[in-house]
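# Survey of secondary and tertiary structure
As a plain string of letters, each chain reads:
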Amino acid sequence: GSAVSVLGSRGEASPSAAEDVADRVISARADSYFNRTKAVVHRFGDARVTYAVFLRRPVISAPRLMLEWLHAVAASRGTAFQIEVMHEEGQWVGAGDPLLYIHGSFENLVDLETMLLQKLGAACVAAHNAYQMCLELPQTAFLAMEARHCAGAEMQDMMAYAASVGSRAAQAEGAKGFIGNANDATAHWFGAPKGYGTMPHALIGYAGSTVRAAEMFHETFPNENLTVLVDYFGREVSDGLAVARRFPELAASGRLAMRLDTHGGRFLEGLDPAESYAVLERHAPQATRRYRSETELRHLTGTGVSAAAVWRMREALDEAGFPKVRIVASSGFGVTKCRVMAEAKAPIDVVGTGSFIPNTWSETYATADIVAYDGVPRVKIGREFLLKRGEERRRNGGQL
């Protein structure tokens, strides 16, 4: 482990990092027993303590937002915390393995536990999800579209940060990863000046036809690449080809894309269960020739944006002479769906997804335990492994 400074972290600072460091805000948000303990310690004398912070499941280390906040709080209180990061940002962390140790004044640390855990656990789990998704489809680019599913600006910033961490970890292993996101406020996490996107379903309804919506967008943003939603009227193939024929130059130059977002209540135009199997038999027969769970089968040949749907769209575009028109797929692309798409070799150019947001929120619960008081090791029964793992890491230069 090593003592770190927030200024050494990668990327830009969170815009909310210094907004909630006031003692009145911390006191109001802290669990009351931490506030009462702070008062007791103030009365009977401070101690230097060491906190170990961990999660109960494997994650990707994503501590930056928490570290920024801790350093900001320390500065506002005129103190300093020594932080040993045992797993640097983007590294894999095993279940129960401490991510970091925090050394400092008990009085200044005790009331911070509630908020510091809030800023760590969900980010680490989301980063792990994003990392797995990118590795499942290493040749596919990803676009983060999580903002609308977040509970406010702080979660939005946290989830975008997490996706960027998981993406960089996957990129280090050869994946394309996340190339950007869908809004300006968090685009900096992906090294982009602004968010990406063209049109929602609402614009198709306003225009009255898919082709007219594409025309409106192109007239308004003539220098932008054009990605068109093609499922509004249930005519993904027909409308997709109509748009390609309307914009042949964009289609030939690779600046046109069709976004599939068919909802789970129906099949893509022209498909049913039998035809879905037939499409996969033509392009990826190996995908259906082993046991599959019900969920996997739905991702392969079911309703919505299935592997068969993607292959059918690619097939239709190629047959019509539009091989350079790209396919953007969205709708529930979590780790499992990405894995199934990879096994079916689905020809997806870009995946738009917010499904790295943790699905089982209880898995995001981080835990902090004090493991030493004034240099004397002491931890509650059952958490001795925190002491052991910390010492093992230090003896091995930070490696287990």
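Structure: see above.
Residues numbered from 1 in each chain as written. Predicted model: local features only at pLDDT ≥ 70, side-chain atom pairs only at ≥ 80, totals over all residues. Heavy atoms only, no water.

### Here's the deal with the layout of surface pockets
Considered as a void within the structure, the largest pocket measures approximately 970 Å³ in volume. Every element with two or more residues in the lining of the largest pocket is listed here: β8 (226-229), β10 (326-330) and β11 (350-353). Of the residues contributing to the lining of the largest pocket, the split by class is 13 nonpolar, 14 polar and 6 charged. Space inside the second largest pocket adds up to approximately 390 Å³. Along its surface, the second largest pocket is lined by 17 residues, and T114, L117, Q118, K119 and W361 are the ones closest to its centre. Among the elements that make up the lining of the second largest pocket, the one with the highest residue count is helix α5 (residues 113-118) (4 residues). Tallied by class, residues from the lining of the second largest pocket come to 10 nonpolar, 3 polar and 4 charged. (1 Å grid on protein atoms, 1.4 Å probe; cavity = no way out; pocket = protein on both sides within 12 Å on 5 of 7 lines; lining within 4 Å. Points joined across faces, edges and corners; volume = space filled by probe spheres on them. Helix = DSSP H or I, 4+ residues; strand = E, 2+ residues; numbered from the N terminus. Nonpolar A, V, L, I, M, F, W, Y, C, P; charged D, E, K, R; others polar.)

### Here we look at the sheet that holds β8
Taking strand neighbours across the sheet as the criterion, the 6 strands line up as β7-β6-β11-β10-β9-β8 in an open arrangement whose pairing is parallel. Two strands bound the open sheet, and with one partner strand each, they are β7 (177-181) and β8. Averaged over all pairs of adjacent strands, the angle between their axes in this sheet comes to 30 degrees, without regard to strand direction. Bridge count between strand β6 (residues 141-144) and β7: 4 bridges; the pairing is parallel. Within β7, the residue paired with F142 across the bridge is F178. (Pairing = 2+ DSSP bridges. Axes fitted to C-alpha atoms, helices over the stretch in contact; angles between N-to-C directions.)

### Observations concerning the nonpolar core
If you look at the biggest cluster of nonpolar residues, it comprises 115 residues, and the most contacted ones within it are I102 and L256. Apart from the residues lying within four places of it in its own chain, the contact partners of I102 are V49, T50, Y51, V53, L70, F81, Q82, I83, L109 and L116. Core analysis: the second largest hydrophobic core is formed by 7 residues, A52, F54, M86 and L386 among them. (Core = buried A, V, L, I, M, F, W, Y, C linked by side-chain atoms within 4.5 Å. Buried < 20%, exposed > 50% of the residue type's maximum accessible area, 1.4 Å probe, protein only. Contact = heavy atoms within 4.5 Å.)

### So, the sheet that holds strand β3 (residues 82-85)
Spatially, β3-β5-β1-β12-β13 is the arrangement adopted by the 5 strands of the open sheet, whose pairing is antiparallel. Each end of this open sheet is capped by a strand with a single partner; those strands are β3 and β13 (376-377). Of the strand pairs in this sheet, strand β1 (residues 48-55) and strand β12 (residues 366-373) are connected by 7 bridges, and their pairing is antiparallel. Across the sheet, the residue bridging to A52 is D369, located in β12. Seen against the sheet, helix α3 (residues 64-77) touches β3 and β5 (100-105) and runs at an angle of roughly 170 degrees to β3.

### A look at empty space enclosed by the protein
In this structure the tally under the stated criterion is 2 cavities of 30 Å³ or more. Space inside the second largest cavity adds up to approximately 40 Å³. As for the second largest cavity, its lining consists of Y51, V53, I102, L109, E113, L116 and A368. Put simply, the parts of the chain that give the lining of the second largest cavity at least two residues each are β1 and α5. For the lining of the second largest cavity, a count of residues per class yields 6 nonpolar, no polar and 1 charged.

### Re the side chain of Q156
Relative to the elements of secondary structure, Q156 occurs in helix α7 (residues 153-171). Judged by relative accessible area, which is 18%, Q156 ranks as buried. In this structure Q156 touches E146, A147, C150, N183 and T186, once residues within four positions along its chain are discounted.

Without other data, these values stay purely geometric and don't point to any function.
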